[in-house]
Amino acid sequence: MAKNTSIHTQSLKIPKFILLSSKFISFISPKLTVLYLAKLFTTPIKHKIPKRELHMDLASVQRLVTIPSLNKQVVVYEYGESEKKILLVHGWSGRGTQLVKIADELLKSGYSTVSFDAPAHGKSPGNNGIMTDFIAAILEIDKQYGPFDAAVGHSLGGMSILNAIKQGLQLKSAAIIGSGDIVQDIIEDFVAKLELNPKFANLLRLHFEKKHGEKMNDYSAYRAAKNTDISMLVVHDKDDPEVSVKAGIHIHQHLINGTLMLTERLGHRKILGHQDVINRVVTYITNKK
C-alpha cells in the first residue's frame, strides 16, 4: 500500500500548545486523548480569501444550500453563465474560490463552474467536518445544480470526488490534484505529527468507525478508483510535502481509464496556479486532449 501524508495537518507547523496539550492528555487518559484528537482532526482552519480569489468571489452568484442528509448548510458559488458546467471541489481548510485559476480558464473555454464551501469551511456555517460531509455535499449539489460535464478536486476534494462517483455521481471525466489516498495512512500521519504513540491512530480510527458505523478505510481513494471507469486525470507533485506523490501514483494504478501527470517543485497548493497544470486539466476535462 502506498503511504501518504495527512491532508488534514498539512505541512504547517503545529502550534506548540497543541503538541503539549496532546501529550499531557495522553498521560492522563487514552479515552480523553482520542476525543481531543477527534476534535482536532475534524476542525478545519478558516482562512481569509486571498486577493487572487476576490474577483471570483465578487462575480459569482452565491446561495446557502441545505444538505438534508447532513442537516448542514453550505455556500454554493455559480461562476459564469454557460449551460456546460464543471464542479470544483476544494480540499481540507480550503474554500469554494480556491480553484480560481482553473475556473477562469474554464470560463474562457465556454464553461461555467459550480463550487462550494464545505461544511465548516469558508462562509459555510459550522465548526467541524469530515470527508463524508464533502461527499454528501457533492451529491446534493449535483441534484440541485447538475448534471456536470466533469469535476476537478484538490487534495481531500479529489478523494471526495472519487467516493462520490462510487456512490453514483455521473460525470464524463474528472481531474484530481494532490489527492490523498489511504485513510489509515492519513490518520497515522496525523498522530505522528502530534508526536504521540502510534497506538492512538488505531484508537482514533475505531472511534470514527463506531461513531459513523462505517469502516474508514472503505473511503480510501484507490478503492473508489477500482470502480471508476470514466476518463480521469491524476495530477501530483513529486515534491508535495503534505501528500506524498505515492498517493497519486497508487490511485492512478487502480484507475480503469486514468492518466498521470507528475510535476516538480510545485508543492501542494502552488500547483493549482501553475499554467501547465491549468492547461492540462482544462484540455483534459473539456475533451480536447
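Residues numbered from 1 in each chain as written. Predicted model: local features only at pLDDT ≥ 70, side-chain atom pairs only at ≥ 80, totals over all residues. Heavy atoms only, no water.

1. Observations concerning the pairing of strand E5 (residues 150–154)
The element E5 is extensively covered by neighbouring structure, given that five of its five residues are classed as buried. Of the two faces of E5, the one carrying Ala150, Val152 and His154 and the one carrying Ala151 and Gly153 are both buried. Taken together, the four bridges between strand E3 (residues 85–89) and E5 define a ladder with parallel strand orientation. Within E5, the position partnered with Leu87 by the bridge is Ala151. When E5 meets strand E6 (residues 173–177), the two strands line up parallel, connected through five bridges. Paired with Ala151 across the two strands is Ala174, which belongs to E6. Crossover connection from E5 via helix H6 (residues 156–166) to parallel E6: handedness right-handed. (Buried < 20%, exposed > 50% of the residue type's maximum accessible area, 1.4 Å probe, protein only. Helix = DSSP H or I, 4+ residues; strand = E, 2+ residues; numbered from the N terminus. Pairing = 2+ DSSP bridges. Right-handed = clockwise from strand over helix to strand, strands pointing away.)

2. Here we look at the packing of helix H2 (residues 30–41) against helix H7 (residues 183–193)
Remark: H2 packs on H7, axes separated minimally by 12 Å, with the N-to-C direction vectors making an angle of 110 degrees. As far as their axial angle goes, H7 and H2 are roughly perpendicular. Residue-level inspection shows Leu37, Leu40 and Phe41 of H2 in contact with H7, the latter providing Ile186, Ile187, Phe190 and Val191. When its residues are assigned to classes, the contact of H2 with H7 shows seven nonpolar, no polar and no charged. (Axes fitted to C-alpha atoms, helices over the stretch in contact; angles between N-to-C directions. Parallel < 35°, antiparallel > 145°, perpendicular 65-115°, else oblique. Contact = heavy atoms within 4.5 Å. Nonpolar A, V, L, I, M, F, W, Y, C, P; charged D, E, K, R; others polar.)

3. Notes on unusual backbone geometry
Note the cis peptide between Gly146 and Pro147, where omega equals 5 degrees. In this fold, Pro147 is placed in the loop between helix H5 (131–145) and E5. Positive phi values are uncommon outside glycine, yet Glu195 reaches one of about 60 degrees. Inspection of the secondary structure puts Glu195 in the loop between H7 and helix H8 (199–212). For Glu195, a relative accessible area of 48% gives the class partly exposed. Here Arg265, not a glycine, exhibits a phi torsion of approximately 60 degrees, which is positive. Along the chain, Arg265 turns up in the loop between strand E8 (258–263) and helix H11 (275–285).

4. Concerning the sheet that holds strand E1 (residues 61–67)
A sheet is described by the order of its strands in space; here eight strands give the open sequence E1-E2-E4-E3-E5-E6-E7-E8, paired in mixed fashion. Looking along the sheet, the strands with just one partner apiece sit at the ends: E1 and E8. Each adjacent strand pair in this sheet contributes to an overall mean axis angle of 20 degrees, direction not counted. Inspection of the sheet shows E1 paired to strand E2 (residues 72–79) by seven bridges, in the antiparallel sense. When the sheet's bridge partners are listed, Thr66 is paired in E2 with Gln73.

5. Examining the confidence of the model for the protein
With 95% of its residues at a pLDDT of at least 70, the protein reaches an overall mean of 92. The low-confidence segment residues 1–11, where pLDDT is below 50, has 52 contacts with residues more than four positions distant or belonging to other chains. (pLDDT = per-residue confidence, 0-100.)

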